[in-house]
Amino acid sequence: MGGNYGSSGGGGYNKTAGTYGSSGGGGYKETAPTYGSGGGYNEANQVTGMGSDLGGTDYRKEEKHHKHLEELGELGATAAGAYALHEKHRAENDPDHARRHRMEEEIGAAAAVGGGGYAFHEHHEKKETEREEEEAHGRKHHHLF
């Protein structure tokens, strides 16, 4: 049954075959498709339309990225804080290894502070991106009060 992988007639990856929907069994197109004026990528792989301005920066995407990293920092701070509390509890209940548990508690606390600092940093990066987007689109706050 069936021929070797990549033989003519079947589907799959075949450099000589046409694009999807053409006769000859399908395959992948050698070059990336170009999209119309509705956004996407043109032949030079530059972002066109859909949230990008003349400078080519997609502020919404960048803002989402910083928000995601901020939430990851918060999650890391929460997890490290929980670990520090766990080790504090273990230090109280395991007097034979209390010194080790106190050290691990301090490590967890330091990691929690680091995660909180990272979340704080990403929050300010997100705010800076929002400000840049407002300035790029001509919306400026004049702080009258």
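Let me begin by describing the structure that accompanies this report. Nothing here was measured: the structure is a model prediction, and the numbers come from that model.

**Things to note about the pattern of salt bridges**
Should their charged atoms come close, side chains of opposite charge can pair.
Moving on, step 1. Taken as a whole and judged by the stated rule, the model has 3 salt bridges.
Moving on, step 2. Lysine 126 serves as the salt-bridge partner of glutamate 70, at 3.4 Å between the closest nitrogen and oxygen. Of this pair, glutamate 70 sits in helix H1 (residues 59–93) while lysine 126 sits in helix H2 (residues 98–136), and the two are 56 residues apart along the sequence. We note that glutamate 70, like lysine 126, is buried.
Moving on, step 3. Glutamate 130 serves as the salt-bridge partner of lysine 127, at 3.9 Å between the closest nitrogen and oxygen. Placement of the pair is lysine 127 and glutamate 130 together in helix H2, with a separation of 3 residues, close to one helical turn.

**Focus: the environment of valine 113**
Moving on, step 1. Here valine 113 lies in helix H2.
Moving on, step 2. When its relative accessible area of 62% is taken as the criterion, valine 113 is described as exposed.
Moving on, step 3. With 32 residues separating them along the chain, valine 113 and glycine 81 place their C-alpha atoms 8.4 Å apart.

**Points about H2**
Moving on, step 1. Under the 1.5 Å per step criterion, the end-to-end length of H2 is 57 Å for 39 residues, consistent within 8% with the ideal 57 Å.
Moving on, step 2. All of the buried residues along H2 are Ala98, His101, Glu104, Glu105, Gly108, Ala112, Gly115, Ala119, Glu122, Lys126, Thr129 and Glu133.
Moving on, step 3. Buried-residue contacts for H2 involve H1.
Moving on, step 4. At the C-terminal side of H2, glycine 138 shows a positive phi close to 85°.

**So, the packing of H1 against H2**
Moving on, step 1. Two numbers describe how H1 lies on H2: the axes approach to 7 Å, and their chain directions differ by 165°. As summarised for this structure, H1 and H2 are arranged roughly antiparallel, according to the angle between their axes. As H1 packs across H2, the resulting crossing turns out to be left-handed.

**Things to note about H1**
Along an α-helix, a turn takes 3.6 residues, which lines up residues three or four apart on a common side.
Moving on, step 1. Relative to the 51 Å expected for 35 residues at 1.5 Å per residue, H1 spans 51 Å between its end C-alpha atoms, a close match to the ideal helical length.
Moving on, step 2. Along H1, the residues classified as buried are Tyr59, His66, Leu69, Glu70, Gly73, Ala77, Ala80, Ala84, Glu87 and Ala91.
Moving on, step 3. Looking at the buried side of H1, the elements it contacts are H2.

**Observations regarding the environment of phenylalanine 120**
Moving on, step 1. Here phenylalanine 120 shows up in helix H2.
Moving on, step 2. Sequence spacing of phenylalanine 120 and glutamate 71 is 49 residues, and the spatial spacing of their C-alpha atoms is 10.0 Å.

What counts and how
Residues numbered from 1 in each chain as written. Predicted model: local features only at pLDDT ≥ 70, side-chain atom pairs only at ≥ 80, totals over all residues. Heavy atoms only, no water. Salt bridge = Lys/Arg side-chain N within 4 Å of Asp/Glu carboxyl O. Helix = DSSP H or I, 4+ residues; strand = E, 2+ residues; numbered from the N terminus. Buried < 20%, exposed > 50% of the residue type's maximum accessible area, 1.4 Å probe, protein only. Expected span 1.5 Å × (residues − 1). Contact = heavy atoms within 4.5 Å. Axes fitted to C-alpha atoms, helices over the stretch in contact; angles between N-to-C directions. Parallel < 35°, antiparallel > 145°, perpendicular 65-115°, else oblique. Left-handed = near helix turned anticlockwise from the far one by under 90°.

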